[in-house]
Amino acid sequence: MGGLQKKKYESGSATNYISRNKARKKLSLSLADFRRLCILKGIYPHEPKHKKKVNKGSTAQRTFYLLKDIRFLMHEPIVGKFREYKIFVRKLRKAYGKAEWGTAEKLRGNKPGYKLDHIIKERYPTFIDALRDVDDALSMCFLFSTFPRTGKCHVQTIELCRRLSVEWMNYIITLRSLRKVFLSIKGIYYQAEVLGQIITWLVPYQFAHDHPTDVDYRVMATFTELYTTLLGFINFRLYQTLNLVYPPKVTHSQPAVMLHFDLLSEFGFYCSLLSLSKLSALSASLVRVVSTAEAEEAELDHFPAEGEDGEKLAERLKARQDQDRQEKLFEGLKFFLNREVPRESLAFVLRCFGAQVSWDKSLCIGSTYDVTDETITHHVVDRPSLEKQYINRYYVQPQWVYDCVNARMLLPVEDYFVGVTLPPHLSPFVEEKEGDYVPPEKLKLLALQKGERPEEEEDNDDSEEEEDEDQSDDEDELKGMEEKQASSVKVTPGEAKPVNRQRAEQEAKAEEKRLAVMMMKKRDKYLYDKIMFGKKRSVREANKMSAKRKALDEASKANKKKKLKK
Amino acid sequence: CCGLLAALSLHITFSLSLSLSLSLSLSLSLSLSLSLAFCSQDIRNTVGNIPMEWYKDYPHIGYDLDGKKIFKPIRNKDELDEFLDKMENPDYWRTIHDKMTGTDVCLSDEQVDLVHRLQQGKFGDVNFNEYEPAIDFFSNEVMIHPVTNRPADKRSFIPSLIEKEKVGKLVHAIKMGWIKPRRPKETAPQYYDLWAKEDPNAILGRHKMHIPAPKMRLPGHEESYNPPPEYLLTDEERQVWEQQDPDERKLSFLPQKYLSLRAVPAFSRFIQERFERCLDLYLCPRQRKMRVNVNPEDLIPKLPRPRDLQPFPTLQSLVYHGHSSLIRSISISPSGQWLVSGSDDCTVRFWEVCTTRCLKTMEVGGPVKSVAWNPAPSISLVAVSYGENVILVNPGLGDRLICSATDQLISSYEEPEEVKDQQVQWAVPEGKAQEQGQRLILTHPKAVKQVSWHGRGDYLACVMPDDGSSLQVVIHQVSRRRTQNPFHRNKGAVQCVSFHPSRPYFLVATQRYVRVYNLIKQELTKKLMANCKWISSMAVHPGGDNVICGSYDCRLAWFDLDLSTKPYKVLRHHKKALRGVAYHKHYPLFASGSDDGTVIVCHGMVYNDLLQNPLIVPVKVLKGHIITHDLGVLDVAFHPTQPWVFSSGADGTVRLFT
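As the structure is a computational prediction, the values presented were derived from the model and not from experiment. Throughout this description, residue numbers start from 1 for each chain and increase along the sequence as written. Whichever chain is written first is A, and whichever ligand is written first is 1; the rest continue in order. Predicted model: local features are reported for residues with pLDDT of at least 70 only, side-chain atom pairs are reported and counted for 80 or more only, and whole-chain, interface and lining totals are derived from all residues. Just so you know, side-chain values use all the structure's heavy atoms and leave hydrogens and water out.

Student: It is not clear to me how the overall build of chain B should be interpreted in this structure. Could you clarify?
Tutor: For the purposes of this entry, the term helix denotes a DSSP run of H or I that reaches at least four residues, the term strand denotes a run of E that reaches at least two, and both are numbered from the N terminus. Scanning chain B from N- to C-terminus turns up 10 helices and 35 strands. Three exposure classes are used, based on accessible area relative to the maximum for each residue type with a 1.4 Å probe and protein chains only: buried under 20%, partly exposed in between, and exposed over 50%. In chain B, which comprises 658 residues, the proportion classed as buried is 42%. Any two residues having at least one pair of non-hydrogen atoms within 4.5 Å are treated as being in contact. A separation of at least 24 residues holds for 47% of the contacts in chain B among residues at least 6 apart in sequence. Residue exposure ignores everything except the shown protein chains as possible cover, and the areas themselves are Shrake-Rupley values with a 1.4 Å probe. Accessible surface computed for chain B: about 38,900 Å², of which carbon and sulfur atoms make up 53%.

Shown next as structure tokens:
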């Protein structure tokens, strides 16, 4: 014994964590401000290993932050700005209360603001870090840009979001780095590859939102504040790498209009409606800083990476070629969008793969040619029938474009004609592992990609098969009759039982495995059982799916036949 | 007249849009407070600007200048009159009703013109020019004849005191920092190249510790607007989905199919989902989870292949039919030529192993609990226990010399002089029983469950399970017909006993423990803890250092007596209770029979080297017995020389696996 008595909770994990309320008090911020700070600085709670120890013996539910994180927050200059803003609001309220309009005006002229540049730099020390985290920023910006200009949030924010998202789309078009598109019931997913980073974002369909009541828009607004800053800097950098002018400008044939645009941007009227809408039409290419050789596609030399053999190199080269081919998927095709299709999405996707796009003049600014243009190859239509049709172009439904992009090849247009029941639209993000359920459409697509011809009409096969069956039935009956006629006792030579050696071997192996499993340790057995259970479940699910599909196919076939008979 | 009209314009109020051209609903209320030119006589009403309905119930509607009542017109116009008037009177459109006097007034051309002008927002007076040139009287030009001759004020040429005070206040406020000058507008561009200088020192320790938020899960086929039909939920699945808690659902949305893209509506939970993502980003604790990515094949222990461990029984080759009820016990003769089985149908049968022929059937007075062939090759005796009796049978099979020698051995017994009182009565059967081969009958005070021979063949141990009783195990010496109770006190109910094959040890298995007694020193040597609930059977390795115990809770415990009192290995191979275990005499094999109808044969190699632990490998699962009344295999026994195993089952058969 002897020595000082050690007190509880004065060392160890209890001192490494701090509860949210204490942290808030330490920073002397209101809860809302603390929340904002955490969002902006990217501080998240931590789950201590021994909750009770950290909670000083109590088992109450608490959120814990790392004390180091909170100390880090204390140095943040933005905390001071928050306090300044709080004071500003108080003064302004007072001035209004006293009806001192002059003071109020003066105060508002000196409204304290803050910048998030340093936070962005601090959170993402390298550009690649920032790019890795841009998924959520894009989704949020695209969502905010669809908000109505009234109510929920500041109009400036909405306009900024719109501008940034349009800039992003223009960049993707210029880089031609879109990889996958998916029409889901939630919205449209896009996936692009920028500087080696896979970036996925979700864009809602163009409808008015019914704003939910259980959503805190202040939290969303704080996130948007951060995300717009992040996205702006990223856009700037990306445009710079492509030698494009930022803020982007649309190339124009008439110099007068160019001048006009220049003037506008000089005067800081960048956000002027005309310019943005020109840009958002996504139909024209952008101005480059150095307007030299457009297509300076030098043949790249390929060096094998370290530890890479010839095969891998060849594989990589092939992947590269595939990608190049995909980037030029729609090159040389001329599209016209009817007015009922989602113009922005289609224009974006088509332009990403090198197509020319236009639409009706009255629909949106930026249309380049008319419906009557004879050189149009594809007309994207989404209505049951069309009155006036040109003979030298395909009338396809919008899904064709998206399916082509995902399949990396031009699919046969017959399945997508106007008024035709569309084939299912599959998710390009699913990569089936062995044992997973693969829908038959995907199998067909894979076969197509390999260059195999699709199977002949199934119906014919079926009918032939049926005929065959009928014939065979008849034969069976005949044989039966014959047998009946020659009903006499026969002695047949005995048959040697075929020994399936392979099967026996397999069985022996299975038995061996079973016996080995019996000898497993308890701990291993538990893990093994868990893994096997998961595997079995996935197999069961796959089986269930295929059974469901089979039943559905049969039902539809029966329906078809009924109709035919009628 | 002009002035009058101007005054009139002040008092005219238009209640509704005046449509003179239609003149149908001309609701112009005029309050005439001045005498009008078009009035033939002056009938001005003096009531003032009051609601005229106050005079609704009176015959008059006010008073004239002389104070006389102005009476209402005798007959009011009704709708029909109005209509007729409208049709016939050409001046109807310019006729208005004066509420104050109750008369209809027909407007003259000038008045109509005036109304038009007022409607158009013009001045009432036609001749009024609103754009007359303004004459600036007070200008900077000094006139010869000034407008006024007043001398200039003093205050006009000395600085203002009030202004000075105000400026002073402002200056003071600026000095004190109360008023801040307006901030200069920021001229720096909003966005610039933030990562122009990426210095590696900026990457702090924080960034290494930072856990980036996981990305959103990518959508699968079921989220498509036009998914393959199997991804859509059926009615039952939909119901299940709807009844589930939103947190428990596997899919957060219902898959939908739309025939074309234009039919796709907005997703109603879009904002919520984004908001939830936001919440996840700033509220969720993050933690690095090490996901075990184990190949299940790697978990399976690498055992020697069973093929390399041959010989062991692999096939069911013979079935011994004959018993009509479950066979509780079997035993093989030391020569390996004969098999004895005792069944619940109160018979004991002797079989020839190779031919499955039943050579002898012996009926006894109760269900046979246990049979045991004397292990000494020079004696042909079988101990059979039923009820409270144990009979020693000479089956008379095999070498006739041995049989007669055995008979002689038993009959050569001479009664000792002093007869002790024994708890077990030894009797010699006579008559038919003698003919059948029964040589001795031992009657115990309690039911005997198991009999077990010593390796020499002279001693026979019997178990009479009875919890806590002092008389549970007795050992008989056949040659001297003597019985002894080795234990004064037994702990727990004895399940089975066994003699050690080489040393003077005696193993007693109670429900949970196996006690090893030294019979010479008369002491407890070891107490093995079986780690199971209820031991059912036990077997001792012929080498003498290892013991296996089968238990009713599906376990088989292998004890290494040199190693520890705890099991060296516990095998849980069977799905149901174990009923019998056995070692092979020569081959490194042991077998266990269980209620799940299987016999599992394991390779159990014991090395002479003490440092090397026994190797246990399951080599074969033998199936064949039919489960009847939830009972499968009841006893197993190995052939003494061949790698064959016999098993008896509840289906009334004995099976031989070779």
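Student: What should I look at first to understand the sheet that holds strand β13 (residues 382-386) of chain B in this one?
Tutor: As a general point, the strands of a sheet are linked pairwise by backbone hydrogen bonds and lie either parallel or antiparallel. All names here are of chain B. Two strands make a pair as long as DSSP finds a minimum of two bridges between them. Spatial strand order, β12-β13-β14-β16-β15: 5 strands in an open sheet with antiparallel pairing. Two strands bound the open sheet, and with one partner strand each, they are β12 (368-373) and β15 (425-427). For this sheet the average axis-to-axis angle between neighbouring strands, irrespective of direction, equals 15°. Bridging between β13 and strand β14 (residues 389-393) involves 5 bridges; their strand directions are antiparallel. Bridging from a neighbouring strand, Val382 pairs with Val393 of β14. A fitted line through C-alpha atoms serves as each axis, taken over the contacting stretch for helices, and the angle formed by two N-to-C directions is quoted from 0 to 180°.

Student: What is the right way to read the packing of aromatic side chains from this model?
Tutor: In this description, a pair of aromatic rings is defined by centroid distance and the angle of the planes. Aromatic rings from Phe, Tyr and Trp, taking only the six-membered ring of Trp, are treated as a pair when their centres fall within 6.5 Å; an angle between ring planes under 30 degrees marks them as stacked, one over 60 as edge-to-face, and anything in between as tilted. Taken as a whole, this structure holds 41 aromatic pairs over all chains when the rule is applied. An angle of 15° between the planes, with centres 6.2 Å apart, marks the rings of Phe142 of chain A and Trp201 of chain A as stacked. Placement of Phe142 of chain A in helix α10 (residues 134-144) and of Trp201 of chain A in strand β5 (residues 197-204) is noted, with a sequence separation of 59 residues between them. This pair shows no difference in class: Phe142 of chain A is buried, exactly as Trp201 of chain A is. Linked through ring pairs, Phe142, Trp168, Tyr171, Tyr190, Trp201, Phe236, Tyr239, Tyr246 and Phe348 of chain A together constitute an aromatic cluster. Here, a charge over a ring is recorded when the distance from Lys NZ or Arg CZ to the ring centre is within 6 Å and its angle to the ring normal is within 35 degrees. A cation over an aromatic ring shows up here: Arg249 of chain B above the ring of Trp241 of chain B, its NZ or CZ 3.8 Å from the ring centre.

Student: Any chance you could explain the interface of chain B and chain A here in plain terms?
Tutor: Much of the literature gives interface size as the accessible area that the parts lose upon coming together. If you look at the interface, chain B gives 88 residues, while chain A gives 113 residues. Summed over both partners, the interface of chain B with chain A buries about 8,700 Å², with 63% contributed by carbon and sulfur atoms. A pairing counts as a salt bridge when a side-chain nitrogen of Lys or Arg comes within 4 Å of a carboxyl oxygen of Asp or Glu. Linking chain B to chain A there are 12 salt bridges. Between Lys186 of chain A and Glu273 of chain B there is a salt bridge, and its shortest N-O distance comes to 3.1 Å. Pairs of N or O atoms within 3.5 Å make up the polar contacts considered here, provided that, within protein, one atom can donate a hydrogen while the other can accept it, and that residues adjacent in sequence are counted only when both atoms are side-chain atoms. Summed over the shared surface of chain B and chain A, the result is 36 residue pairs in polar contact (both at pLDDT 80 or more). Among the elements of the structure, α5 (205-209), α7 (270-283), α8 (296-299), β28 (569-571) and β32 (615-623) of chain B are those that each provide at least two residues to the side of chain B that touches chain A. Broken down by element, the side of chain B that touches chain A gets its largest block of residues, 11 residues, from α7 of chain B. Each residue gets one of three labels, nonpolar for Ala, Val, Leu, Ile, Met, Phe, Trp, Tyr, Cys and Pro, charged for Asp, Glu, Lys and Arg, and polar for the others, Gly among them. Of the residues contributing to the side of chain B that touches chain A, the split by class is 52 nonpolar, 14 polar and 22 charged. As a working definition, buried area equals the accessible area (1.4 Å probe) given up by two parts on being put together, with both sides summed.

Student: Looking at this structure, how should I read the UniProt feature "repeat: WD" (unreviewed entry) in chain B?
Tutor: Under the present numbering, the feature "repeat: WD" (unreviewed entry) in UniProt falls on residues 320-361 and 626-658 of chain B. From the first C-alpha to the last, residues 626-658 of chain B spans 19 Å; its make-up is 0% helix and 45% strand. UniProt positions are given in the numbering used here, feature names are shortened, and annotations may be inferred rather than shown by experiment.

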